[in-house]
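Notes for the structure review
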Number of protein chains: 2
Amino acid sequence: MIHLIGFDLDDTLFNASELATQARIGGLKKIQECGLNFSLQEGINGLFDIVKEFGSNYTHHYDTLLERMKKDPVKYEITIPDFKIPKYVAAGIMGYHEVKVKNIKPFEDVLGCLVTLKKIGYPMILISDGRPIKQYEKLHRLKIEQFFTDIFISEEIGLQKPNPEYFKYCLNEMDVLPSEFMYVGDRMDHDIKPAKDIGINTVLIHRKGKYDPIISGKSYPYQADYEISSLEDLLPIVKSIS
Amino acid sequence: MIHLIGFDLDDTLFNASELATQARIGGLKKIQECGLNFSLQEGINGLFDIVKEFGSNYTHHYDTLLERMKKDPVKYEITIPDFKIPKYVAAGIMGYHEVKVKNIKPFEDVLGCLVTLKKIGYPMILISDGRPIKQYEKLHRLKIEQFFTDIFISEEIGLQKPNPEYFKYCLNEMDVLPSEFMYVGDRMDHDIKPAKDIGINTVLIHRKGKYDPIISGKSYPYQADYEISSLEDLLPIVKSIS
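Residues numbered from 1 in each chain as written. Chains lettered and ligands numbered in written order. Predicted model: local features only at pLDDT ≥ 70, side-chain atom pairs only at ≥ 80, totals over all residues. Heavy atoms only, no water.

Here's the deal with the packing of aromatic side chains
The condition that has to hold: Any pair of Phe, Tyr and Trp rings, taking the six-membered ring for Trp, is counted once the centres come within 6.5 Å. Such a pair is stacked with planes under 30 degrees apart, edge-to-face with planes over 60 apart, and tilted for the rest. Strands here mean DSSP runs of E at least two residues long; helices mean DSSP runs of H or I at least four residues long; both are numbered from the N terminus. Working definition: with a 1.4 Å probe on protein chains only, accessible area under 20% of the residue-type maximum means buried, over 50% means exposed, and in between means partly exposed. To sit over a ring, a charge needs its Lys NZ or Arg CZ within 6 Å of the ring centre and within 35 degrees of the ring normal.
Per the stated rule, a full pass over the model turns up 16 aromatic pairs over all chains. Their ring planes at 75° and their centres at 4.9 Å tell us that Phe 167 of chain A and Tyr 183 of chain A sit as a pair that is edge-to-face. Note that Phe 167 of chain A is positioned in helix α8 (residues 164-174) and Tyr 183 of chain A in strand β4 (residues 181-185), a separation of 16 residues in sequence. Tyr 183 of chain A matches Phe 167 of chain A in its accessibility class, with the two residues each being buried. Taken together, a centroid distance of 6.4 Å and an interplanar angle of 90° make the contact between Phe 152 of chain B and Tyr 169 of chain B edge-to-face. One end of the pair, Phe 152 of chain B, is in strand β3 (residues 150-153); the other, Tyr 169 of chain B, is in helix α8 (residues 164-174), and 17 residues separate them in sequence. Of the residues examined, Phe 152 of chain B reaches a relative accessible area of 4% and is grouped as buried. By relative accessible area, which is 33% here, Tyr 169 of chain B ends up partly exposed. A connected cluster of aromatic rings, assembled from ring pairs, spans Tyr 166, Phe 167, Phe 181 and Tyr 183 of chain A. Lying across the ring of Phe 152 of chain B, Lys 84 of chain A places its NZ or CZ 5.5 Å from the centre. Against the face of Tyr 222 of chain B rests Lys 193 of chain B, its NZ or CZ located 5.9 Å from the ring centre.

Structure, rendered in structure tokens:
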């Protein structure tokens, strides 16, 4: 019997990877608009290298890129190498936010699923890794907060996926047993593995992002209990267990 | 003979004080929209106290306010004291930025003045205190950057008003003598005093902000060379010296 359904946020309820890519490119285009000529392709390569090196929560992506551009103007095809970095960092951040705010929206199957589950009476929670303020900002903009009985963000709690203790903590807070809980996520390693380890019913959703095993080609020595490509397929699974 | 005209930014070319006030209140209203009920007046008082205590460049205005709200729910008339701070910090920052982006614009007399001076052939520079990325973001949004031959932001240089060395540095960079330079600002202490001390032609503009001597009632043991209430009056002054 399922008494609670949990969802991951990024790349499960909205296309976080694609949005970040588009926003990062939006920042680069804004820098060009503000007057710095450079090869967009080299800029993209450079920025994405920095994201890989320093992580996506690093707060100086554009600063670091512009420092590298200034040091190696030939590589980036920059004709005026003596430029002011903060001028273009400001432009990059503006462009990034413009694209992000304008384009963030849930995957098309999300609202229908959340409305139906709520109507039937399944309580839902969100369990997401990340910085609380950033994750809550996404939730405000996605306008899906009201569907969740509770929201758990890793940095607020001090536990994070793939630590199974994180899932234990959430279930304890909700007073629900693992066998009564179903968790939907897009990552085999961070969502499915730790949840399975403590007896949670797991659903892997294929969103065709970089962690989707269909895209990465990676194989894992464990399986999700269910695999779906649309949240439209979630309700029959929940009902089948109930 | 005037060979160069310099402008302060905040409260000289746009209404920075009023915009910050409106944006801060916009953030508080967004927090209410997101579900936290509190007395707006107490919220405003609390937030403005924090700005006074920690300064306007402090990056945790809303965090600090929400911590104080949680500690003293009675004062702020909060009915549900057990709330998640990051949820409402995210809302506060969103509301702040929405108001800021939507409402930032130059004072009505600015574009006309900059267009005329540029047409006649007076080179202009900007000398502003503040954080480079924040100041450049304002310039991008105000769309007035193209009027200035150069832009000086204190934190980029490591000198700041009211240090007269800051003005000396800018003039040296521009290869212009103090007697050939005219500086327009709204603050007697930060703009007029240091500029006068090194022989710059000074213009105090009355913008009716909190530092305007007409508003503050403060008297100073020195005077600006000229006082105006609109940039429309600047050109005749420049011409009278030339």
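Describing the pairing of strand β2 (residues 124-128) of chain A
All names here are of chain A. The following threshold applies: For two strands to count as paired, DSSP must find a minimum of two bridges between them. By the criterion used throughout, a crossover qualifies as right-handed when its path from the first strand across the helix to the second strand runs clockwise, the strands pointing away from the viewer.
Across the 5 residues that make up β2, a large majority, 5, are buried. By the alternation rule, side chains of β2 split into Met 124, Leu 126 and Ser 128 and Ile 125 and Ile 127, which are all buried. Where strand β1 (residues 4-7) meets β2, 3 bridges bridge the pair, whose relative direction is parallel. Bridging from a neighbouring strand, Ile 5 pairs with Met 124 of β2. With 4 bridges connecting them, β2 and strand β3 (residues 150-153) associate as parallel partners. Residue pairing in the sheet places Ser 128 in a bridge with Ile 153 of β3. Read from β2 through helix α6 (residues 132-142) to β3, the crossover connection turns out right-handed.

A few points about the side chain of Ser 128 of chain A
Threshold: Pairs of residues are marked as contacts when any of their non-hydrogen atoms sit within 4.5 Å.
Relative to the assigned elements, Ser 128 of chain A resides in strand β2. Non-local contacts of Ser 128 of chain A, meaning those with residues more than four positions away in its chain, are made with Leu 9, Asp 10, Gln 135, Phe 152, Ile 153, Ser 154, Lys 161 and Tyr 166 of chain A.

With respect to unusual backbone geometry
The omega torsion of the bond from Lys 161 of chain A to Pro 162 of chain A falls at 5°, within 30 degrees of zero and hence cis. Non-glycine residue Lys 208 of chain B carries a positive phi angle of around 60°. If you trace the backbone, Lys 208 of chain B turns up in the loop between β5 (201-205) and α10 (213-216).

Considering the domain arrangement of chain A
Residue and element names in this part refer to chain A. The test is simple: In this document the domain limits rely on a domain assignment from an automatic tool or a database. Computed with a 1.4 Å rolling probe, the buried area is the accessible surface lost when two parts are put together, summed over both parts. The working definition used for a salt bridge is a side-chain nitrogen of Lys or Arg within 4 Å of a carboxyl oxygen of Asp or Glu.
Under the domain assignment, chain A is made up of domain 1 (4-14 + 105-241) and domain 2 (18-103). Using only C-alpha atoms to locate each centre, domain 1 and domain 2 end up separated by 32 Å. Together, the buried faces of domain 1 and domain 2 total about 530 Å²; carbon and sulfur atoms form 39% of this surface. Looking only at domain 1, the three residues that lose the most surface to domain 2 are Arg 131, Lys 134 and Arg 141, adding up to 57% of its buried area. Viewed at the interface, domain 2 and domain 1 are joined by 1 salt bridge. Here Glu 137 makes a salt bridge to Lys 100, at a shortest N to O gap of 3.0 Å.

Overview of the sheet that holds β3 of chain B
All names here are of chain B. Heads up, the condition is: All axes are obtained by fitting lines to C-alpha atoms, using only the stretch in contact for helices, and the reported angles, taken between N-to-C directions, cover 0 to 180 degrees.
The parallel open sheet is built from 6 strands, whose spatial order is β3-β2-β1-β4-β5-β6. Either end of the sheet is taken by a strand with one partner, and the two such strands are β3 and β6 (226-228). Looking at each pair of strands side by side, their axes are set apart by 20° on average, direction ignored. Summarising the sheet, strand β4 (residues 181-185) and β5 pair through 4 bridges and their orientation is parallel. Bridging from a neighbouring strand, Tyr 183 pairs with Thr 202 of β5. Docked against the sheet, helix α5 (residues 110-120) engages β1 (4-7) and β2 (124-128), running at close to 160° with respect to β1.

A short note on the interface of chain B and chain A
Taken residue by residue, the interface counts 21 residues in chain B and 21 residues in chain A. Summing the contributions of chain B and of chain A, the shared interface buries around 1700 Å²; its carbon and sulfur component is 68%. Where chain B meets chain A, there are 4 salt bridges. A salt bridge links Lys 84 of chain B to Asp 150 of chain A, with the shortest nitrogen-to-oxygen separation between them at 2.7 Å.

Quick notes on the relation of the copies chain B and chain A
Formally: Our superposition of the copies is a least-squares fit, built on the C-alpha atoms of residues whose pLDDT is at least 70 in both.
Once turned by 180° and shifted 0.0 Å along the axis, chain B lies on chain A with an RMSD of 0.0 Å. The transformation relating the two chain copies, once decomposed into turn and shift, fits a two-fold axis. Counting the interface residues of chain B, we find that 100% of their copies in chain A are interface residues as well, pointing to one common contact surface.

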